[in-house]
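Analysis of the macromolecular model
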Amino acid sequence: MDWTRYRFLSLWALPAPPAAVYAELERAEDYPRWWRQVREVNRLDDTTGVVRIRSLLPYDITFTARETLRDPAAGVLEIAMSGDIEGWARWTLTAGGPGTLARYEQVVEVHKPLLRRFAVPGRALFRANHRLMMRAGRRALAARLEAV
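What counts and what doesn't
Sequence order sets the numbering: in each chain, residues are counted from 1 along the sequence as written. Totals for whole chains, interfaces and linings use all residues, but because this is a predicted model, local features are given only for residues with pLDDT of at least 70 and pairs of side-chain atoms are given and counted only at 80 or more. Side-chain measures here rest on the full set of heavy atoms in the structure, leaving out hydrogens and waters. When DSSP locates at least two bridges between a pair of strands, those strands are taken to pair. Helix numbers and strand numbers start at the N terminus; a helix is a DSSP run of H or I with at least 4 residues, a strand a run of E with at least 2. As used in this record, nonpolar core signifies buried Ala, Val, Leu, Ile, Met, Phe, Trp, Tyr and Cys residues forming a set joined through side-chain atoms within 4.5 Å. The buried label applies to any residue whose accessible area, calculated with a 1.4 Å probe on protein chains only, is under 20% of its type's maximum; exposed applies above 50%, and partly exposed to all values in between. Between two residues, a contact is recorded if the distance between any of their heavy atoms is within 4.5 Å. The aromatic pairing rule takes the rings of Phe, Tyr and Trp, using the six-membered ring of Trp, and pairs them if the centres are within 6.5 Å, calling planes under 30 degrees apart stacked, those over 60 edge-to-face and the rest tilted. To sit over a ring, a charge needs its Lys NZ or Arg CZ within 6 Å of the ring centre and within 35 degrees of the ring normal. For salt bridges, the criterion is a side-chain nitrogen of Lys or Arg within 4 Å of an Asp or Glu carboxyl oxygen. Each C-beta atom gives one direction from the helix axis, and the arc is the one those directions make. Here a cavity denotes a set of grid points, spaced 1 Å apart and computed over the protein atoms alone, in which a 1.4 Å probe fits but from which it cannot get out, and a pocket denotes an open set meeting protein on both sides within 12 Å along at least five of seven lines; residues with an atom within 4 Å of a point are reported as lining. Grid points are joined across faces, edges and corners, and a volume is the space filled by probe spheres set on the points. Helix axes are fitted only over the stretch in contact, all axes being lines through C-alpha atoms; the angle between N-to-C directions runs from 0 to 180 degrees.

1. Brief notes about the pairing of strand S5 (residues 76-83)
Across 8 bridges, strand S4 (residues 61-71) lies against S5 in antiparallel orientation. Opposite Asp71, over in S5, you have Val76 as the bridge partner. Counting the residues that bridge the hairpin from S4 to S5 gives 4 residues, and of these Gly75 lies at a positive phi of roughly 70°. Two strands pair when backbone bridges link them, and S5 and strand S6 (residues 85-96) are joined in this way by 6 bridges, in the antiparallel orientation. Within the sheet, the bridge partner assigned to Glu78 lies in S6 and is Arg90. The hairpin turn running from S5 into S6, its antiparallel successor, is 1 residue long.

2. Considering the nonpolar core
Membership of the largest hydrophobic core comes to 37 residues, with the highest contact counts inside it found for Leu25, Trp35 and Trp91. With 6 residues, helix H4 (residues 119-147) is the largest single contributor of residues to this core. Contacts of Trp91, omitting those with residues within four sequence positions, involve Trp12, Leu25, Tyr31, Trp35, Gly75, Val76, Leu77, Ala102, Arg103, Tyr104 and Met134.

3. Observations regarding the packing of aromatic side chains
Evaluation of the coordinates by the stated rule reveals 8 aromatic pairs. Each ring, one from Tyr31 and one from Trp34, has its centre 5.2 Å from the other, and the planes form 55°; the classification is tilted. Taken together, the residues span about one helical turn, with Tyr31 and Trp34 both in helix H2 (residues 31-34) at a distance of 3 residues. Above the face of the Tyr6 ring, Arg123 is positioned so that its terminal group lies 4.3 Å from the ring centre.

4. Structural notes on the pattern of salt bridges
Enumeration over the complete set of coordinates arrives at 15 salt bridges. Residues Arg52 and Glu40 are paired through a salt bridge, measuring 2.7 Å at the closest nitrogen-oxygen approach. Here Arg52 is found in strand S3 (residues 48-53), whereas its partner Glu40 is found in strand S2 (residues 38-43), with 12 residues between them in sequence. For Arg52, a relative accessible area of 24% translates into the label partly exposed.

5. Observations concerning helix H1 (residues 18-25)
Along an α-helix, residues three or four apart share an orientation, since each turn contains 3.6 residues. Where H1 is concerned, the buried positions are Val21, Tyr22, Glu24 and Leu25. The buried residues of H1 occupy one face: seen down the axis, they fall within an arc of 160°.

6. Focus: empty space enclosed by the protein
Unfilled space is identified by rolling a water-sized probe across the atoms. If you walk through the whole model with that rule in mind, you get 1 cavity of 30 Å³ or more. Reported here for the largest cavity is a volume of approximately 790 Å³. Around the largest cavity, the lining is made up of 44 residues, and of these Val51, Phe63, Ile79, Met81 and Tyr104 lie nearest the centre. Those elements that provide at least two residues to the lining of the largest cavity are strand S1 (5-14), S2, S3, S4, S5, S6, strand S7 (99-110) and H4.

7. Section: the sheet that holds S2
With antiparallel pairing, 7 strands are arranged side by side in an open sheet as S1-S7-S6-S5-S4-S3-S2. Unpaired on one side and paired on the other, S1 and S2 mark the two borders of the sheet. Adjacent strand axes in the sheet meet at a mean angle of 20° when their direction is disregarded. By the bridge criterion, 12 bridges tie S6 to S7 in an arrangement that is antiparallel. When the sheet's bridge partners are listed, Trp88 is paired in S7 with Val107. Running at roughly 155° to S6, H1 makes contact with S1, S4, S5, S6 and S7 of the sheet.

Following this line, the structure appears as structure tokens:
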């Protein structure tokens, strides 16, 4: 097993139609306004930006995100990531009951030296840190969508 490789899956039930959710998620530069763990998003061009995130644990992760797929009709947004983490992440949105089911998938390998050094003893803690970040993001986006 490669202890520096992670696969994450989060499912968010959100109180708005897929088009409204997609409109929020496609504007990554606005994430810091509503998702406090996304500290910075600095656009480099139309499809690339540098992102800095930090959840509960006292370390930042910085990576370059490059858009690889944007399909509003299918409700899919996908990026490739390089830097402290390398891999990909994808949002897939589908109608779900009165709102939207947002499926977030991420597969990454960690390159940040601190996280690699503590890969084995810290793995459960790193996964819990990610869950906390995603839970906070879901709550913040749901509140933002309800306010609109």
